[in-house]
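A closer look at the structure
Given next are the chains, with one letter for each unit.
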Amino acid sequence: MPTVLIDNREIEIPAGRPLNGIEAARLAGIQIPHYCWHPGLSVAGSCRMCLVEVGARDAKTGKISMQSKLTPACNIVVGDRMVLVTNSEKVARARAMVEEDLLLRHPIDCPICDKAGECKLQDYHFRYGQGDRRADIRPFSSSRRDLGDITLFVDRCVMCSRCVRFTAEISGTRELMVTGRGAGEEINVFAGYPLHNKLSGNVVDLCPVGAMGDKEFLYRQRVWFMRQHAGICTGCATGCSTWIDENQDRIYRIRPRENPSVNQWWICNDGRYDYPHVHNPDRLTQPRRRDGQSWCNVDWTGLAGQLRQVLQQAGRLAAVVSPFLTVEEAYLLCKFIRGIDRQALLVLGPVPEVGEDEQFPKGFTICAEKCPNRRGVEAVIAHFAHRVMPFDELLPVLDRGEVQAAWLSGGYRREWIDAATAERFARLKLLVVQDLFPSPLCERAHYVLPGAAFAERNGSYVNRGDRLQSVAWAIRPPAGVRSEGSLYWEMLGGSGLFNAASVLQEVAREVPYFSAATGPIPANGLDLKVNLLA
Ligand code: FES
């Protein structure tokens, strides 16, 4: 195996994709500072922050000969017997000079900059910069430029060109460009062609400083007040890995979480800005029971037992299992309903579709299917019922009066059922609706139960590529809301608290499709396709 010597540490270079100096150093636990390089973009080699000393070891004598000039680590492919030095005086001086040069033209407006606390320029200055400012020129104007989806803080830009390369290589829309020359270079758009594409929010994450301002996030929260939680986007069947940034149970930002098997480093704007519904004051937050023509509020305490009792007396049951439920929730709901009525109908909830799949140049895909877990829910239903009944097939069954009670799980962000369809559930003896928002169905229900939003759930989703990913809740649900998993767990008489990980173990034992999930689930998920092929 080829070996590289980095700061006197011998590193074996794994076979496969060629590595540059920054990536090879990471294998040795050595961080090389960089601005313009990003693993998902082409190499620009322009910022010079990653300069290192490069040399070679003689194969026979082992003698090391170093090149006289520094080289950008991002722009070298490491090979056998290569030598990199990242901690010499010469390298430190070069880094300090780059920092000094960038700060000559950079406004020191960290107290009002959104990036403060996660800014590379700030971090690198403290780590590699020099204490004194040798020039006292302040040519900056603090000007802003509306680029379309994003606000550019012109003086903060360090001209790494990541945003320009992103629109050229990943979104394929090419709205951004560099204008001017030398110290006059700026990021801009062509007049009349603003930055406006479905992936545009990624340029904010890519920007190593605070030049790209997210209009939705601007001045809303300091980054050091937020906690980040690993999440999964539930906006479509791609199931992108995300970071959910929250403070005191309020989501302020959603960012991509690197996952080479799903979304690489990106998410679409639909997923990025798909959280206001979580804090919508119209959400259902009180369990209610119909009492004749009026409603009465009920308490969660004892409700699980009460529901079990009324369902046992209701006759033939049907459960509509939402594709927004997690695998664990879907499993527990099906197990509970089938435990009461062995012939109960298990129905896949409506699968929302919008347009067609959209694929971007390097493969990132926004799915037309706008739910996170159709595959997982289908596999669970197929296990219990051997056949997945689509929602439309349930309606004539209701019309014929073959079902007396139904449990409907929702979780849809937008209106998902119209009054005419809801009316077909009106003749049921018992209708339990569990949802995020009021709907025409709630008006016909006997029990209305508030459900949890995506960031409030523990559990797993299977994307359309059969990849299972597990997450824990990021925020607590509003007062009065109880997650579906914990309710189903209590209805089944489970001891202790609902634990999604142990339920998944049971699912993996019981349902062959999930059998690979018997161990811990890796951060980038688990491919269940192997089970399909086996
Ligand atoms: Fe290597 Fe910018 S990261 S030159």
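In what follows, the accompanying structure is described. (Residues numbered from 1 in each chain as written. Predicted model: local features only at pLDDT ≥ 70, side-chain atom pairs only at ≥ 80, totals over all residues. Heavy atoms only, no water.)

**With respect to the layout of surface pockets**
The condition is simple: Each cavity reported here is a set of points on a 1 Å grid over the protein atoms alone in which a 1.4 Å probe fits but cannot get out, each pocket an open set with protein on both sides within 12 Å along at least five of seven lines, and each lining residue one with an atom within 4 Å of a point. Grid points are joined across faces, edges and corners, and a volume is the space filled by probe spheres set on the points. Each helix corresponds to a stretch of at least 4 residues labelled H or I by DSSP, and each strand to a stretch of at least 2 residues labelled E; elements are numbered beginning at the N terminus. The residue classification treats Ala, Val, Leu, Ile, Met, Phe, Trp, Tyr, Cys and Pro as nonpolar and Asp, Glu, Lys and Arg as charged. All others, Gly included, are polar.
Estimated volume of the largest pocket: approximately 1100 Å³. Surrounding the largest pocket, 44 residues form its lining, His38, Lys120, Arg162, Asp205 and Arg255 being those nearest its centre. Elements supplying a minimum of two residues to the lining of the largest pocket: α3 (120-128), α5 (202-206), β11 (212-214) and β14 (250-256). The biggest single contributor to the lining of the largest pocket is α3, with five residues. Here the residues of the lining of the largest pocket are counted per class, giving 22 nonpolar, six polar and 16 charged.

**Observations regarding helix α13 (residues 484-491)**
Quick reminder of the rule: Using a 1.4 Å probe on the protein chains alone, a residue whose accessible area is under 20% of its type maximum counts as buried, one over 50% counts as exposed, and one in between counts as partly exposed. Contacts were defined at the residue level, with two residues in contact if any of their heavy atoms lie within 4.5 Å.
Most of α13 is tucked away: seven of the eight residues are buried. Restricting attention to buried positions, one finds in α13 the residues Glu484, Gly485, Ser486, Leu487, Tyr488, Trp489 and Met491. Packing partners of the buried residues in α13 comprise α7 (303-312), α8 (327-340), β22 (405-409), β23 (430-435), β24 (447-450) and α14 (500-510).

**Details of the pairing of strand β13 (residues 241-247)**
The following threshold applies: Strands are treated as partners if at least two bridges between them are detected by DSSP.
Burial runs high along β13: six of the seven residues are buried. The sheet contact formed by strand β12 (residues 227-232) and β13 spans six bridges and is antiparallel. Note that in β13 the partner of glutamine 228 across the bridge is aspartate 245. With six bridges joining them, β13 and β14 adopt antiparallel strand pairing. Bridging across to β14, glutamate 246 finds its partner in isoleucine 251. A loop of two residues connects β13 with β14, the two strands running antiparallel in sequence, and glutamine 248 in this loop sits at a positive phi of about 50 degrees.

**Overview of the packing of aromatic side chains**
Think of a pair of aromatic rings as described by two things: how far the centres are apart, and how the planes are tilted against each other in angle. Note the cut-off: Within 6.5 Å between ring centres, the rings of Phe, Tyr and Trp (the latter by its six-membered ring) count as paired, and their orientation is classed by plane angle as stacked under 30 degrees, edge-to-face over 60, tilted in between.
Applying the stated criterion across every chain yields a total of 14 aromatic pairs. With a centroid separation of 5.4 Å and an interplanar angle of 50 degrees, the aromatic rings of tyrosine 331 and phenylalanine 384 are classed as tilted. Of this pair, tyrosine 331 sits in helix α8 while phenylalanine 384 sits in helix α9 (residues 374-385), placing them 53 residues apart in sequence. Given the relative accessible area of 2%, tyrosine 331 is considered buried.

**With respect to the packing of α8 against α9**
Quick reminder of the rule: The convention used is that axes are lines fitted to C-alpha atoms, helices contributing only their stretch in contact, and that angles between N-to-C directions extend from 0 to 180 degrees. An angle below 35 degrees is treated as roughly parallel, one above 145 as roughly antiparallel, one from 65 to 115 as roughly perpendicular, and anything else as oblique. Crossing handedness is read from the near helix: turned anticlockwise from the far helix by less than a right angle, it gives a left-handed crossing, and turned clockwise, a right-handed one.
Contact geometry for α8 and α9: axes closest at 9 Å, N-to-C directions at 25 degrees. Taken together, the axis directions place α8 and α9 in an arrangement best described as roughly parallel. Every pair of crossing elements has a handedness; the one defined by α8 and α9 is right-handed. Seen from α8, the contacting residues are Val327, Ala330, Tyr331, Cys334, Lys335 and Arg338; seen from α9, they are Gly376, Val377, Val380, Ile381, Phe384 and Ala385. Residues of the contact of α8 with α9, tallied by class, amount to nine nonpolar, one polar and two charged.

**Looking at the nonpolar core**
Here is the rule: Among the buried residues, those of types Ala, Val, Leu, Ile, Met, Phe, Trp, Tyr and Cys that are joined through side-chain atoms within 4.5 Å form a nonpolar core.
Core analysis: the largest hydrophobic core is formed by 55 residues, its most contacted members being Tyr35, Leu176, Ile187, Val203, Met212 and Ile251. Those elements giving two or more residues to this core turn out to be α2 (89-104), α3, β8 (150-153), α4 (162-169), β10 (186-189), α5 and β14. Here methionine 212 is in contact with Leu147, Ile150, Thr151, Leu152, Cys163, Leu176, Ile187, Val203, Val204 and Cys207, once residues within four sequence places are set aside. Formed by 52 residues, the second largest nonpolar core is a distinct cluster that contains Ala330, Leu449, Ala508 and Leu528.

**Observations regarding the environment of phenylalanine 324**
Tracing the chain through its elements places phenylalanine 324 in the loop between β17 (317-321) and α8. Take phenylalanine 324: its relative accessible area is 6%, and that puts it in the buried class. Considering only alpha carbons, one finds phenylalanine 324 and glutamate 402, 78 residues apart in sequence, at a separation of 26 Å. Those residues in contact with phenylalanine 324, other than ones at most four positions away along the chain, are Thr234, Pro352, Lys370, Cys371, Pro372, Gly410, Gly411, Tyr412, Arg413, Arg457 and Tyr461.

**Looking at α9**
Applicable threshold: One less than the number of residues in a helix, times 1.5 Å, gives the span that helix is expected to have.
The end-to-end C-alpha separation of α9 is 16 Å, in line with the 16 Å expected for twelve residues at 1.5 Å each. Buried residues dominate α9, accounting for nine of its twelve residues. Considering only its buried residues, α9 is in contact with β17, α8, β18 (345-348) and β25 (459-462). Of the residues flanking the end of α9, it is histidine 386, one or two places downstream, whose phi is positive at about 65 degrees.

**What to know about the pattern of salt bridges**
How we decide: In what follows, salt bridge is the name for a side-chain nitrogen of Lys or Arg lying within 4 Å of a carboxyl oxygen of Asp or Glu.
Across all of its chains, the model carries 32 salt bridges by this definition. Its salt-bridge partner being arginine 17, residue glutamate 23 comes within 2.6 Å of it at the nearest N-O pair. For glutamate 23, a relative accessible area of 13% translates into the label buried. The closest approach of N and O atoms between glutamate 100 and arginine 134, which form a salt bridge, is 2.7 Å. On the criterion of sequence distance, the pair formed by glutamate 100 in helix α2 and arginine 134 in the loop between α3 and β7 (144-146) is long-range, its members being 34 residues apart. Glutamate 100 sits in the buried class, given a relative accessible area of 18%. Each of Glu369, Arg374, Arg375, Glu378 and Asp466 takes part in salt bridges that share partners, so that together they form one network.

Fair warning: the whole summary comes from geometry, so function is off the table for now.
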